[in-house]
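Below are the chains, spelled out letter by letter.
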Amino acid sequence: MLKVGVLGAGHLGKIHLRLLNQSEKYELVGFYDAFDENANKVAAEFGYKKFNSIAELIAAVDVVDIVTPTMQHFDCAKQVIEAGKHIFIEKPISNTVEEAEEIIALAKKHNVKGQVGHVERFNPAFTAVKDKINNPMFIETHRLAEFNPRGTDVPVVLDLMIHDIDAILSVVKSKVKSVNASGVAVISDSPDISNARIEFENGCVANITSSRISMKNMRKSRFFQKDAYISVDYLDKVCEVVRMKDAPEVPGDFDMILQNAEGVKKQIYFDNPGVEANNAILDELETFADAINYNTTPIVTLEDGTEALRVAHMIIQSMEK
């Protein structure tokens, strides 16, 4: 079991603490939180060991789970890596692309592993269909959330949209060619709703909408590719795969047949995989333990997190123009 400590015991930090405490792949050593009042409360309520400094925590563990506000990610990661310890770091990887690139360079220099907490990669609806998403040419996503003051210190692009940016980059095997985006600040000082159109060099187009001022929650993506349509509902954890193939010469009574203007007939059929229930946060943490123990590549690498951040900043810059 790897000894692990958590930096940050806010809303998400407490979830990580609970899951790491349950995990059979980690031994939870304790946590550090800069706010004494909150740290004392968490220690008293849950019994986790409270450390008095980041350095003390780092010295006692093999892995540090960074769940602090984004502005602190780089400084925390730098201290952890320079001490030769592995890092799991919540999304976004850092505040700027330059910081993220330095984290990568430091991790290589000190020979430590890192993973970024893009949790939707472990959503069972997404993992059930990921191997069926093959060269998509149009992608549409909607990530809408009811207003929550937590997270409004950053634009909605870094708060919500970055989940979909990362998922899209994981299935589109092409470089980003251009980005056009617009956004509106409604309640916060930074945009609360944003729409971005990302064009890739291979011709794929992704249209992404995110909002944190919606009346209801929605987290859906649709992938369109030759002879297939794939939908993923991250919230309800369901997926659907609709495929087309050449129609049989003698269709059955219940076969769904489409005929185009040229007279070509296609049969529509459903190829829906089973979705197995899981805890995505626990999965991302435990697969990182496996990557360390078996010396394999983490599922969401520091480079992946950096590319998602790079595209997010391209979107933010487009909105500012």
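What counts, and at which threshold
Residues numbered from 1 in each chain as written. Predicted model: local features only at pLDDT ≥ 70, side-chain atom pairs only at ≥ 80, totals over all residues. Heavy atoms only, no water. Helix = DSSP H or I, 4+ residues; strand = E, 2+ residues; numbered from the N terminus. Rg over C-alpha atoms; globule rule 2.2 N^0.38 Å. Buried < 20%, exposed > 50% of the residue type's maximum accessible area, 1.4 Å probe, protein only. Contact = heavy atoms within 4.5 Å. Areas by Shrake-Rupley, 256 points an atom, 1.4 Å probe, with all protein chains shown as cover. Lys, Arg positive; Asp, Glu negative; His and termini not counted. Charge placed at Lys NZ, Arg CZ, Asp CG, Glu CD. Arc of directions from axis to C-beta. Axes fitted to C-alpha atoms, helices over the stretch in contact; angles between N-to-C directions. Left-handed = near helix turned anticlockwise from the far one by under 90°. Nonpolar A, V, L, I, M, F, W, Y, C, P; charged D, E, K, R; others polar. Domains from an automatic or database assignment. Buried area = accessible area lost by both parts, 1.4 Å probe. Salt bridge = Lys/Arg side-chain N within 4 Å of Asp/Glu carboxyl O. Pairing = 2+ DSSP bridges. Expected span 1.5 Å × (residues − 1). Polar contact = N/O pair within 3.5 Å; in protein donor to acceptor, adjacent residues only side chain to side chain.

Right, let's talk about the overall build of the protein chain for a bit. The number of helices and strands found in the protein chain is nine helices and 14 strands. Over its C-alpha atoms the protein chain spans a radius of gyration of 22 Å, differing by no more than 12% from the 20 Å that the globule rule assigns to 321 residues. Put simply, the protein chain has 321 residues, and 50% of those count as buried. Intrachain contacts of the protein chain at a sequence separation of at least 6 include 68% that bridge at least 24 residues. Carbon and sulfur atoms provide 49% of the accessible area of the protein chain, an area that totals close to 15700 Å². Between the mean site of the 35 positive side-chain charges and the mean site of the 47 negative ones, the protein chain shows a separation of 2 Å.

Another point: helix 4 (residues 73-82). For helix 4, the complete set of buried residues consists of His 73, Phe 74, Cys 76, Ala 77, Val 80 and Ile 81. Down the axis of helix 4, the smallest arc covering the buried residues is 160°, so these residues share one side. Where helix 4 ends, the next residue or the one after it, Gly 84, has phi of about 80°, a positive value.

A few words on the packing of helix 1 (residues 11-22) against helix 8 (residues 280-293). Running from amino to carboxyl end, helix 1 crosses helix 8 at an angle of 65°, the nearest separation of the two axes being 10 Å. Considering how the two elements wind past one another, helix 1 and helix 8 form a crossing that is right-handed. Facing helix 1, whose interface residues are Leu 12, Ile 15, His 16, Leu 19 and Leu 20, helix 8 presents Ile 281, Leu 282, Glu 284 and Leu 285. Looking at the contact of helix 1 with helix 8, its residues break down into seven nonpolar, one polar and one charged.

So, about the domain arrangement of the protein chain. Taken domain by domain, the protein chain holds domain 1 (2-112) and domain 2 (122-279 + 310-320). Here domain 1 and domain 2 have C-alpha centroids that lie 31 Å from each other. Of the residues lining the interface, eight residues belong to domain 1; the matching set on domain 2 comes to eight residues. Across the interface of domain 1 and domain 2, roughly 750 Å² is buried in total on both sides, 59% from carbon and sulfur atoms. Of all residues in domain 1, Lys 91, Pro 92 and Val 97 bury the most surface against domain 2, accounting for 51% of the area lost on that side. Linking domain 1 to domain 2 there are one salt bridge.

Let us now look at the pairing of strand 13 (residues 256-259). Residues in a regular strand point their side chains to alternate faces of the sheet. Sheet analysis places strand 13 next to strand 14 (residues 265-270), joined by four bridges and oriented antiparallel. Considered in strand 14, the bridge of Gln 259 is made with Lys 265. Between strand 13 and the antiparallel strand that follows it, strand 14, lie five residues; Gly 263 among them carries a positive phi value of about 90°.

Turning our attention to helix 8. Along its 14 residues, helix 8 runs 20 Å from first to last C-alpha, staying within 8% of the 20 Å computed at 1.5 Å per residue. The buried fraction of helix 8 is high, at ten of 14 residues. Taken as a whole, helix 8 has its buried residues at Ala 280, Ile 281, Leu 282, Glu 284, Leu 285, Glu 286, Phe 288, Ala 289, Ala 291 and Ile 292. In the core, the buried residues of helix 8 are packed alongside strand 1 (2-7), helix 1, strand 2 (26-32), strand 3 (63-66), strand 4 (86-90) and strand 5 (114-117). One side-chain oxygen of the residue at the start of helix 8 lies 3.1 Å from the amide nitrogen of Ile 281, identifying that residue as Asn 279.

Read from one edge to the other, the open sheet built from five strands follows the order 2-1-3-4-5, with strand pairing classed as parallel. On the outer flanks of this sheet lie strand 2 and strand 5, each paired with one strand and no other. Strand-to-strand twist across the sheet, computed as the mean angle between neighbouring axes with direction ignored, equals 20°. Examined bridge by bridge, strand 1 and strand 2 share six bridges and lie parallel to one another.

Structurally, Lys 245 can be placed in strand 12 (residues 238-246). Remark: the alpha-carbon pair of Lys 245 and Asp 227, spanning 18 residues in sequence, is separated by 7.1 Å. Those residues in contact with Lys 245 that lie beyond four places of it in its chain are Lys 265, Lys 266, Gln 267 and Tyr 269.

In this section: unusual backbone geometry. In this structure, the amide linkage connecting Lys 91 to the following residue, Pro 92, adopts the cis form with an omega of -15°. Tracing the backbone shows Pro 92 in the loop between strand 4 and helix 5 (97-109). Despite not being glycine, Asn 111 has its phi angle at roughly 55°, a positive value. In this structure, Asn 111 sits in the loop between helix 5 and strand 5. Unusually for a residue other than glycine, Asp 227 sits at a positive phi of about 70°. Mapped onto the secondary structure, Asp 227 falls in the loop between strand 10 (218-225) and strand 11 (228-233).

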